[in-house]
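If you want the building blocks of each chain, they are given just below.
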Amino acid sequence: MSLHIRKATSQDIDALLQITKACAKHMIQKGIFQWNENYPNSAAFAHDIARNELYVLLENTKIVGCIVVSTLMDEEYKTVQWLTPDDTNIYIHRLAIHPETQGKGYAQFLMQFAENYAIENSYSSIRLDTFSKNTRNQKFYELRGYKRLENIYFPKQSVYPFYCYEKIL
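Conventions adopted
- Residues numbered from 1 in each chain as written.
- Predicted model: local features only at pLDDT ≥ 70, side-chain atom pairs only at ≥ 80, totals over all residues.
- Heavy atoms only, no water.
- Helix = DSSP H or I, 4+ residues; strand = E, 2+ residues; numbered from the N terminus.
- Rg over C-alpha atoms; globule rule 2.2 N^0.38 Å.
- Buried < 20%, exposed > 50% of the residue type's maximum accessible area, 1.4 Å probe, protein only.
- Contact = heavy atoms within 4.5 Å.
- Areas by Shrake-Rupley, 256 points an atom, 1.4 Å probe, with all protein chains shown as cover.
- Core = buried A, V, L, I, M, F, W, Y, C linked by side-chain atoms within 4.5 Å.
- Phe/Tyr/Trp six-rings, centres within 6.5 Å; stacked < 30°, edge-to-face > 60°.
- Pairing = 2+ DSSP bridges.
- Axes fitted to C-alpha atoms, helices over the stretch in contact; angles between N-to-C directions.
- Arc of directions from axis to C-beta.

Re the overall build of the protein chain
Next, step 1: Along its length, the protein chain carries four helices and seven strands.
Next, step 2: Helices and strands in the protein chain line up, N terminus first, as β-α-α-β-β-β-α-β-α-β-β.
Next, step 3: Compactness check: the protein chain gives a C-alpha radius of gyration of 15 Å against a globular reference of 15 Å for 169 residues, within 12% of the reference.
Next, step 4: Referenced to the eigenvectors of the C-alpha coordinate spread, the extents of the protein chain come out at roughly 40 × 35 × 30 Å.
Next, step 5: Taken over 169 residues, the protein chain has a buried fraction of 50%.
Next, step 6: Residue pairs in contact within the protein chain that sit at least 24 positions apart in sequence constitute 69% of those at least 6 positions apart.
Next, step 7: Counting every atom, the protein chain has about 8,800 Å² of accessible surface; 51% of that belongs to carbon and sulfur.

Here it is, written out as structure tokens:
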């Protein structure tokens, strides 16, 4: 088995939507209402591709996951008291691994890629958020050295908060 990461193209959007919809269904079955019919969507992925910030993880030739490594601070993040100044950070979004291939270390592989990218390009920190009801994700990030900060809300996704995390590099 061979794993590799490449930049996503518009031809990847359908495969990515299949993955994120499978992830949403898998989470909903566990009572985690983090993703739904509104998010993630093709417009979000198209925007990520246009900004050259979406990466896909391939197992041999099959797309099994994705990650967005962005320099753009979302509006919802602007009120958060981050650990570092706002000028040299990257933001992780839409980290997804197809449920059929979860538990193989693929999310760790994508996060290591993002962290290496940040270090190689002299960013001071990595910022992200995860759903307050998704304790598996919280543990995943905390074990990687991310510090939980404030709550933010995405009303189209959930009435529950999302926890912001930051890792200083």
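Here's the deal with the nonpolar core
Next, step 1: If you look at the biggest cluster of nonpolar residues, it comprises 31 residues, and the most contacted ones within it are Leu16, Trp35, Phe45, Leu54, Tyr77, Trp82 and Ile152.
Next, step 2: Per-element tally for this core: the top contributor is helix 1 (residues 13-29), with seven residues.
Next, step 3: If sequence neighbours within four positions are ignored, Ile152 has contacts with Glu76, Tyr77, Val80, Asp129, Pro161, Phe162 and Cys164.
Next, step 4: The next biggest cluster of nonpolar side chains, apart from the first, holds 22 residues, and it includes Ile67, Ile90, Met111 and Ile126.

Considering the packing of aromatic side chains
Next, step 1: One pass over the structure, following the stated rule, counts eleven aromatic pairs.
Next, step 2: Between the aromatic rings of Trp35 and Tyr39, the centroid separation amounts to 6.4 Å while the plane-to-plane angle is 75°, which identifies the pairing as edge-to-face.
Next, step 3: On the basis of an interplanar angle of 70° and a centroid distance of 6.4 Å, the ring pair of Phe131 and Tyr160 is categorised as edge-to-face. Of this pair, Phe131 sits in strand 5 (residues 125-131) while Tyr160 sits in the loop between strand 6 (147-152) and strand 7 (162-168), and the two are 29 residues apart along the sequence.

Quick look at the sheet that holds strand 2 (residues 54-59)
Next, step 1: Here seven strands make up an open sheet; going across it, the order is 1-2-3-4-5-7-6 and the pairing mixed. The open sheet has two free edges, formed respectively by strand 1 (3-7) and strand 6, since each of these has just one partner strand. On average, each strand axis in the sheet is inclined to that of its neighbour by 30°, with strand direction left out of account.
Next, step 2: As defined by bridge partners, strand 3 (residues 62-70) adjoins strand 4 (residues 89-97) across five bridges and the pair is classed as antiparallel. Pairing of Gly65 across the sheet is with Ile97, part of strand 4.
Next, step 3: On the sheet, helix 3 (residues 106-120) packs against strand 1, strand 2, strand 3, strand 4, strand 5 and strand 7 and is oriented at approximately 165° with respect to strand 4.

Brief notes about helix 4 (residues 135-143)
Next, step 1: Gln138, Phe140 and Tyr141 are the residues of helix 4 that are buried. Looking down the long axis of helix 4, one finds its buried residues gathered within 160° of arc, a one-sided arrangement. Along helix 4, exposed side chains directed more than 90 degrees from the buried face belong to Thr135, Arg136, Lys139 and Leu143.
Next, step 2: Just downstream of helix 4, Gly145 is the residue with a positive phi angle, here 95°.

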